[in-house]
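# Inside the fold
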Amino acid sequence: MIDYSRQWVRAVFPPPAEAITPAAALERYLDAFGFEARYIRLVAGTPREVFSDPDDPYGWKKAEIRLVYALKLPGSYPAVWLDAQNGEFIDYEGNPVAVKPAPAFSDVAGSRFAQEITLLKQAGIVSGYQGRFRPRDPVTQAELVAMIVAAQSPVAVPQAAGGAPWYSEAYEQARLRGIIEAKEIAPTRPVQRLELARLLVRGLGYRQVAELPELYRLPFADAAKVPAADRGYAALAWGLKLFPWPDGDFGPAAVVKREEAAAALVRSLRAPRPCNAG
């Protein structure tokens, strides 16, 4: 014997006799979520066998598409368990989870980006203000940073503690992820299009290549208004189709509305990421 280790854990295990029945648990899940039909991709074989073909790096040629029924779990619940003793839904920390969808925003029906705003609400990325989203208000930097961080986080971003501003934790996570630098923080400042491009492109993991401005030619009419250091950010945002406005100008100094920021964020979630991005 060359090594030995032993570790004891003191834990109290609830008695199984006090658990609700499997039938009751199933009823709770179906009542809360229901079923939905969805397509899934089935791929047989080891990862090396599936993904080693350079002509088919994602294994689509080997895939079988099936139509299945699955529990309709909202995107805002990355981990939901049913407490077997009291029948309540809990998250990975044991906190109660409200599974019923929140009411829709009362002021987005007339927005051209109502669908994108609703998607972000259903995913738990935006919460609005007393039932309103205020789609046509300028988006502040703090609001945008909070949305980007929430969209990237598998669990809810913790609320700031100790009297700190509500956006403190979002900024800290954004700084750690390279989305924003400390010298750029201006929570209440309205976001302009160039800053929107910069934060979204960084959030996608393209910061290193974006900061090689000599690589890019800008296709829009007002390209001269984009500072040389930001040409990569503008070009990538344009090329990835992150901006939802159809005009032919980039408009780097144009103030972004909250509805526009929501639409751009949804587009960024659908955009391709570099191979080494998280």
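Thresholds applied
- Residues numbered from 1 in each chain as written.
- Predicted model: local features only at pLDDT ≥ 70, side-chain atom pairs only at ≥ 80, totals over all residues.
- Heavy atoms only, no water.
- Helix = DSSP H or I, 4+ residues; strand = E, 2+ residues; numbered from the N terminus.
- Buried < 20%, exposed > 50% of the residue type's maximum accessible area, 1.4 Å probe, protein only.
- Contact = heavy atoms within 4.5 Å.
- Areas by Shrake-Rupley, 256 points an atom, 1.4 Å probe, with all protein chains shown as cover.
- Axes fitted to C-alpha atoms, helices over the stretch in contact; angles between N-to-C directions.
- Parallel < 35°, antiparallel > 145°, perpendicular 65-115°, else oblique.
- Left-handed = near helix turned anticlockwise from the far one by under 90°.
- Polar contact = N/O pair within 3.5 Å; in protein donor to acceptor, adjacent residues only side chain to side chain.
- pLDDT = per-residue confidence, 0-100.
- Phe/Tyr/Trp six-rings, centres within 6.5 Å; stacked < 30°, edge-to-face > 60°.
- Nonpolar A, V, L, I, M, F, W, Y, C, P; charged D, E, K, R; others polar.
- Salt bridge = Lys/Arg side-chain N within 4 Å of Asp/Glu carboxyl O.

## Notes on the overall build of the protein chain
Scanning the protein chain from N- to C-terminus turns up nine helices and four strands. The burial tally for the protein chain puts 36% of its 278 residues in the buried class. Taking contacts inside the protein chain between residues at least 6 apart in sequence as the whole, the part at least 24 apart equals 66%. Just so you have it, the protein chain exposes about 17,500 Å², and 56% of that area is on carbon and sulfur atoms.

## Here we look at the packing of helix α3 (residues 114–122) against helix α9 (residues 258–270)
At a minimum axis distance of 8 Å, the contact between α3 and α9 shows a crossing angle of 70 degrees. Here α3 is positioned roughly perpendicular relative to α9, judged by the angle of their axes. When the axes of α3 and α9 are compared, the crossing they make is left-handed. Every residue of α9 that contacts α3 at Glu-116, Ile-117, Leu-119 and Leu-120 is listed here: Glu-259, Ala-262, Ala-263, Leu-265, Val-266, Leu-269 and Arg-270.

## Describing the environment of Glu-211
Among the secondary structure elements, Glu-211 is positioned in the loop between α7 (207–210) and α8 (231–239). For Glu-211, a relative accessible area of 38% puts it in the partly exposed group. Once you skip the residues sitting within four places of it in the chain, Glu-211 turns out to touch Arg-202 and Tyr-233. A distance of 3.0 Å separates a polar atom in the side chain of Glu-211 from a polar atom in the side chain of Arg-207. In this structure the side chain of Glu-211 is engaged in a polar contact, spanning 2.6 Å, whose partner is the side chain of Tyr-233.

## Some words on unusual backbone geometry
Residues other than glycine seldom take positive phi values, yet Arg-134 does so here, at roughly 55 degrees. Locating Arg-134 in the fold gives a position in the loop between α3 and α4 (141–152). Unusually for a residue other than glycine, Lys-241 sits at a positive phi of about 60 degrees. Along the chain, Lys-241 falls in the loop between α8 and α9.

## Describing the environment of Pro-219
If you trace the backbone, Pro-219 turns up in the loop between α7 and α8. We classify Pro-219 as exposed; its relative accessible area is 58%. Separated by 15 residues in sequence, Pro-219 and Ala-234 place their C-alpha atoms 9.9 Å apart.

## Section: the confidence of the model for the protein chain
Across the protein chain, the average pLDDT comes to 83, with 81% of residues at 70 or higher. For the protein chain, per-element mean pLDDT is lowest for helix α2 (residues 47–51), which scores 52, and highest for helix α6 (residues 193–204), which scores 97.

## What to know about the packing of aromatic side chains
In the structure shown here, the tally under the stated rule is six aromatic pairs. Chaining the aromatic ring pairs together yields one cluster made of Phe-220, Trp-238, Phe-243 and Phe-250.

## Points about the packing of α6 against α8
Between α6 and α8, the least distance of the axes is 9 Å, while the angle of their chain directions is 75 degrees. In this view, α6 runs roughly perpendicular relative to α8, as classed from their interaxial angle. Contacts between α6 and α8 involve Leu-194, Ala-197, Arg-198, Val-201 and Arg-202 on the former and, on the latter, Tyr-233, Ala-234, Leu-236 and Ala-237. Class assignment of the residues belonging to the contact of α6 with α8 gives a composition of seven nonpolar, no polar and two charged.

## Observations regarding the pattern of salt bridges
Between side chains of opposite charge, a pair can form as their charged atoms come close. Within the structure shown, the criterion is met by twelve salt bridges. A salt bridge links Arg-202 to Glu-184; the nearest nitrogen and oxygen atoms lie 2.9 Å apart. Remark: Glu-184 occurs in the loop between α5 (168–176) and α6 and Arg-202 occurs in helix α6; sequence separation between them is 18 residues. Taking the shortest distance from any N to any O, the salt bridge between Arg-198 and Asp-230 comes out at 3.2 Å. Of the two residues, Arg-198 sits in helix α6 while Asp-230 sits in the loop between α7 and α8, which places them 32 residues apart along the sequence. Across this residue pair, the class does not change: Arg-198 and Asp-230 are buried.

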